[in-house]
Amino acid sequence: MDPRREPEDHSVVPQQSADCDLGRLTLTPAEAYLLSRVDGQTSWGLLRELGGMSAEDVDACLRSLAERGIVLLESGKADQPPLLGVASVPVSDGPDDPRLDASLEIPVEAQRELLRFEGRLERPYHEILGVTPDAGVRELRRAYFKLSKEFHPDRYFRRELGPFAERLQRVFRKIAEAFELLSDPAARKEMKTSVDGAPAAGPATPRLRGRTTPHAFSLLARIGRERRRKARQYFELGRASIAEEHWVEAAQHLRLAIACDPANQDFKEPFADATEHSNQILADRYIKEADASYQLGEYADSYKRYVDALHCRPFQVDANHRAAKLAWRVEGDLKAAKEYAARACEVEPSVALHRKTLGQIYAAAGLYKNAQREFEQAVKLDPCDEEAKLELKTTRRMARRAPSGGS
Amino acid sequence: MGHVIGIDLGTTNSCVATMENGQPTVIPNAGGYKTTPSMFAVSEDGKRLVGHMAKRQAITNCTGTVYGVKRLIGRRFDSDEVQKTVELAPYEVIRGSNDDARLQLAGKTFTCPEIAAIILREMKRVAQEYVGEPVDEAVVTVPAYFNDAQRQCTKDAGKIAGLEILRIINEPTAAALAYGFGRSDEETIAIYDLGGGTFDISILSMGDGVVEVLATNGNTFLGGEDFDRRLVDHLNTWFVDNEAIDLSVDTMAMQRLKDAAEKAKCDLSSRDVTEINLPFIATDERGPRHLNVELTRDTLEALCHDLVSQSLKTCEACMRDAKVTPDQVDRVILVGGQTRMPFLQTAVAEFFGKRPHKGVNPDEVVAVGAALQGQALTADEKDLLLLDVTPLSLGIATFGGRFAALIERNTTVPVRRSHIFTTTRDNQRDVKVRVLQGENEVAAENDLLGEFVLSGIKTAPKGELEIEVSFDIDANGIVNVSARDVATGLEQSITVNAASTLSDEEIQRIIEENPPDAIALKV
């Protein structure tokens, strides 16, 4: 659907722009879904494979998000967190940022810095403080003091700050929180073990093991609460989509809701329902696209679409049969081919054509006894199929020659 | 920008400082003293006296002279502390209309903030005479362990005195600011503050002009006056043994004993033995009786060593909170007149494994710190920053009368914390949120700061609803509490205005009754 532009580098790791306020964006559900996957760690290539969206849709959404400055596609190194002050995260705060207000009693430069910092509050704690993940307490404290001098509300005591007053509080609270948790060895260890070495600031942290000290307790509570809040948001979105019979969107939202709050039983039934509808719709769509590609001779694309369709409806007989043939003939993937063909036969055991295809795939794989069995079935079901008869003959000869070919 | 002053409103003495050419200066009063007694008196002919003038006539007019009002401010009349004062003080303490403690002087009733205001106004006057222009902004210090109500009453006192209180800060924190002024070393310091009425210990970390409070703890029942009281009891016992007369029923005699004890205690900081000579302290059928006794430093130490041990126990708790061991403390700073006691200095040195720092004046350092904070808040150049903490845990009362703390004590402000609570009865229609401050697990043992009701929540079986309670403390220490029904978004909140013992109308009335110049007395 998108005109091909210059080839894209799928090894690029998309990053959320530091400066975008998610609450104010207008996004399509697909874009929002994709954005929720953009974590500064996952490469474009991996995003395409994540599922839930086609690779083309991923590309289209990423391009759209990048054009609007919501996602950055510069090839940054995900494993090297940008240090503060180095400003390796490009920001979109041009001189015309509408939030800047020269009439306030805080210099515009400081406003810009505050906005930039605010956009980073969901980053891992050590990035907020601008230190390396293994920084010691002395270094942490030094960074904390330096940032405090800049962002503590007392710096602007009794000044007219407009909306920046609340921003200042928010930023300082986060700085203090980052310092408090990073300088507590126990809390830090928890964060490390729970997110594979990358202490995260926000809801990205999946779960912490139970601990009774206040720090981890409040951390746990905060994370859990944040995730439950998100879950409910997704759930509401999902319900709205169901009401409008937008089943695909509904299923996506509900899947996210369950991912955020797996314990909530309320989500399960609507999710199952929406998923069923969604799969039906998606499968039909994919099959249509696959058929079209097939007609045009774009067999590789066609195969991929059939595979997508079978993810949604694994027991669609024709799609299985088509996928089997394409896997065998185009991809040369005999194992996949056998799976699809076998499934087609399993669902509708009395279609000669499917039996024959399965036989041909077995034969191609050198499993002549299995092939012979399938061809026998095919000939029994359709005695007029000359091709099948011929294949049976050949296979019998081969099976005798290679007596060891089992299943 | 006009002058901002820092006031150390002490239990026994107060001190005022300001910034002069970038340097903190302690301002002497007209008598040349750098501290002024926190005393107020109404003489028999109705004249109002404050400071040294009040102290000088305190013996002869003991029922008309108030001291130590800081022990009463913001407290309920029934509290132990107030009851203790009722028992000991020669002046009359009565129950106020809000169950607060009020003072009865020469037939007139005074609220505690009113008395504190008179002392603040005196300090303001001292400062104005020194700088030669009106002063109307101040930073005032309070003991770290003052709760919200006590701080609020101190603010009310400022309002009555015609001072805008820019910030209330903790005394030990102020001392640390004063110590840290002009230093850029990274240090962990301990402030051991044993003043007249209260004991505070704070562990702070500093560097690069930033002072961060790691933990603070204290004991409002421990101060220099307790040392005095031990001595007074000792002297009275001696008198009972030797003269068979109990002086404790005679307020005038008690006042003399108290003054003598205080003086003897100070003498024993520099000498091994002192003489207490109180002629004509009592009379009986034998004629006038005199108290004349020799007191040694050993006796004083024997009488008071447990008070020192008590303070060190509090130090231990504070170090635990700060996650610091004594050997990690780079510097120990002593604040408060009582820390001049050699025995105490030795005990503290032993505890921390190092000699205390001698570079600050224990009587003036707190006011200096307050002046520095005033400067830090109002000046354009910000080279000093205080990262203060909440001294007491804040939370709500939960099922079964338990206390659930949302913000632990020693949390840096500004801060926001929230937690999900749930209902305890089926189809509960409203939830009462009681905001408490304190450290006790039993809700009723903590101070109630305010309460509100979140009503009209969704009906549901117990335990199903999620009520999110959020606490928000801003840099000024103002607490905002909200409760939200997560499912419906229904929300209710209050700004905790402390359980101020005075309403705005009352403050206004007091201001009108006490025009600023009414008690502008010379020392």
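Worth saying up front: this structure is predicted, and the values here are computed from it rather than measured.

Trainee: Is there a simple way to explain the sheet that holds strand E15 (residues 210-219) of chain B in this structure?
Mentor: Hydrogen bonding along the main chain pairs the strands of a sheet, whether they run parallel or antiparallel. Residue and element names in this part refer to chain B. Pairing in this open sheet of five strands is mixed, and the strands run E18-E13-E14-E15-E19 from one edge to the other. Since the sheet does not close on itself, it has two edges, and those belong to strand E18 (331-335) and strand E19 (385-387), each with one partner. Recorded for the sheet is a direction-independent mean angle of 25 degrees between the axes of neighbouring strands. Of the pairings in the sheet, the one linking strand E14 (residues 199-207) to E15 comprises nine bridges and is antiparallel in character. In the sheet register, Asp200 faces E15, and the bridge partner there is Gly218.

Trainee: Help me understand the confidence of the model for chain A, please; the structure alone is not making it clear to me.
Mentor: The predicted coordinates of low-pLDDT regions are not to be read in fine detail. Residue and element names in this part refer to chain A. Per-residue confidence for chain A gives a mean pLDDT of 77; residues scoring 70 or more make up 78%. Between the elements of chain A, mean pLDDT differs from a low of 69, seen in helix H8 (residues 185-194), to a high of 92, seen in helix H6 (residues 137-151). Every residue in residues 76-94 is under pLDDT 50, and counting partners more than four places away or in other chains gives 27 contacts. pLDDT under 50 marks residues 194-218. Its contacts with residues more than four places away, or in other chains, come to 51 contacts.

Trainee: What should I look at first to understand the interface of chain B and chain A in this one?
Mentor: Interface size, as often reported, equals the accessible area lost upon joining of the parts. Across the contact, 21 residues belong to chain B and 18 residues belong to chain A. Per-element accounting of the side of chain B that touches chain A gives the leading share, six residues, to strand E22 (residues 415-421) of chain B. Its residues placed into classes, the side of chain B that touches chain A shows eight nonpolar, seven polar and six charged.

Trainee: Quick question: what am I supposed to make of the packing of helix H15 (residues 352-364) of chain A against helix H16 (residues 368-381) of chain A here?
Mentor: Think of two packed helices as two axes; the pair is described by the angle between the axes and how far apart they sit. Residues and elements named next belong to chain A. Contact geometry of H15 with H16 gives a least axis separation of 8 Å together with a crossing angle of 160 degrees. Compared by their axis directions, H15 and H16 come out roughly antiparallel. As H15 packs across H16, the resulting crossing turns out to be left-handed. Mapping the contact onto sequence places Ala352, Arg355, Lys356, Leu358, Gly359, Tyr362 and Ala363 in H15 and Tyr368, Asn370, Ala371, Glu374, Phe375, Gln377, Ala378 and Leu381 in H16. Per-class residue counts for the contact of H15 with H16 are nine nonpolar, three polar and three charged.

Reading the values: rules and limits
Here, residues in each chain are numbered from 1, in the same order as that chain's written sequence. By the order in which they are written, chains take letters starting at A while ligands take numbers starting at 1. Given that the model is predicted, a residue must reach a pLDDT of at least 70 before its local features are reported, and side-chain atom pairs must reach 80 or more before they are shown or counted; all residues, however, enter totals for whole chains, interfaces and linings. DSSP bridges decide pairing: two strands pair if at least two such bridges lie between them. Think of it this way: any DSSP run of H or I at least four residues long counts as a helix, any run of E at least two long counts as a strand, and we number them from the N terminus. Axis lines are fitted to C-alpha atoms, over the contacting stretch for helices. Their N-to-C directions set the angle, which ranges from 0 to 180 degrees. Scored from 0 to 100, pLDDT records how confident the predictor is in each individual residue. A pair of residues counts as a contact when their C-beta atoms, built from backbone coordinates, are separated by no more than 7 Å. Each residue receives one of three labels: charged for Asp, Glu, Lys and Arg, nonpolar for Ala, Val, Leu, Ile, Met, Phe, Trp, Tyr, Cys and Pro, and polar for the others, Gly being one of them. Roughly parallel means an angle under 35 degrees; roughly antiparallel, over 145; roughly perpendicular, 65 to 115; everything else is oblique. Throughout, a crossing is termed right-handed when the near helix is turned clockwise from the far one, and left-handed when it is turned anticlockwise from it by less than a right angle.

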